[in-house]
Amino acid sequence: MKKIFSTTTSKLRHLSMAAVLLISTVAGVSAHAQAEAADSTEANIKKLIEPRLGKDAKVDSVTKTPYGGLYEIQIDGDVIYTDAKAQYLFIGRVVDSQTYRDYTKEKIDSLNQVPFSALPLDKAIKTVKGNGKRVIAIFEDPNCIYCKRLHKTLQEVDNITYYTFQYNILSPDSIVKSRNIWCAPNPSKAWNEWMVSGKDAPAAAASCNAPHEDVLALGKKLKITGTPTIIFTDGSRIPGAVDAKGLEQKLSSLK
């Protein structure tokens, strides 16, 4: 009787193990199939959506989100949404109605982060105030009104180093003014005098070269579309002018 019971128990144990293996295999196959289906849906959405967004549109990626059955489309540093059939486009922000967490802003900020340590600071004008421990980079155009407003704000901020990339996108005259300032004996002083007081720098010598083309290429690579744009050491950015209080709060939030 004991032998029969032992044999039966052994068979049940083997059957149980086989069942577990079968369930694991089925679960693995199911997960793999779901992943393949998701990949197929995302690829199909990209194929359908890209030509609908314009001739030169280039979709970087399509990803299923955990909210509302939406698919996130990343394009040129921005985010839009669609459904599984790519029938509708949702252009706007996805915000949690309870916590007010802005998922769209978080994603866009992540996409547009700048590796600060990789910036070619030798192509920027360096200005140091106080101990200079707090560091930012600014993309500016000499004809930008909001850039001039920002420089008046910077007069109120101490213990900061800012690197000015002369991003000449507003007019051909911007290139001339930037070159004169870059080639001045003290570019930092010349830039600040122009931005704050409107004092022209002397005409640059014909032999002096400014990094206009390099900075222009850098700005386009970083998808900087307007001036001023402030880049912080954590890779985040603020497009447009900011007041002294806002700038201090942002700097204080950085490690």
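In what follows, the structure referred to is the one given above.
The present account deals with the structure reproduced in this document. Fair warning: this is a prediction, and the values are worked out from it, not measured in the lab.

**Notes on the sheet that holds strand β4 (residues 89–90)**
Taken in spatial order, the 4 strands line up as β1-β2-β3-β4 in an open sheet, and their pairing is antiparallel. Only two strands of the sheet have a single partner each, and these edge strands are β1 (59–64) and β4. Relative to β4, strand β3 (residues 78–82) runs antiparallel, the two sharing 2 bridges. When the bridges of β4 are listed, Tyr81 appears paired with Phe90. Contacts from helix α2 (residues 103–111) reach β2 (71–75) and β3 within the one sheet, and its direction differs from that of β3 by about 135 degrees.

**Quick word on the nonpolar core**
Ranked by internal contacts, the top residues of the largest apolar core, which has 15 residues, are Leu119, Ala137, Phe139, Phe165, Leu222 and Ile231. Within the residue set of this core, elements represented by two or more residues are β6 (134–140), β7 (160–166) and α6 (212–221). Broken down by element, this core gets its largest block of residues, 3 residues, from α6. When neighbours within four sequence positions are excluded, Ala137 is seen to be in contact with Phe116, Leu119, Tyr163, Phe165, Thr229, Ile230 and Ile231. Listed in part, the 14 residues of the second largest apolar core include Ile136, Leu154, Phe232 and Leu247.

**Some words on α6**
For α6, every residue scored as buried is listed here: His212, Val215, Leu216, Leu218 and Gly219. One side of α6 holds all its buried residues, which, seen down the axis, span an arc of 160 degrees. Relative to its buried face, α6 has exposed residues pointing more than 90 degrees away, namely Glu213, Lys220 and Lys221. In this fold, the buried residues of α6 make contact with β6, β7 and α4 (172–182). A positive backbone phi angle near 60 degrees is found at Lys223, which sits one or two residues after α6.

Reading the values: rules and limits
Residues numbered from 1 in each chain as written. Predicted model: local features only at pLDDT ≥ 70, side-chain atom pairs only at ≥ 80, totals over all residues. Heavy atoms only, no water. Pairing = 2+ DSSP bridges. Helix = DSSP H or I, 4+ residues; strand = E, 2+ residues; numbered from the N terminus. Contact = heavy atoms within 4.5 Å. Axes fitted to C-alpha atoms, helices over the stretch in contact; angles between N-to-C directions. Core = buried A, V, L, I, M, F, W, Y, C linked by side-chain atoms within 4.5 Å. Buried < 20%, exposed > 50% of the residue type's maximum accessible area, 1.4 Å probe, protein only. Arc of directions from axis to C-beta.

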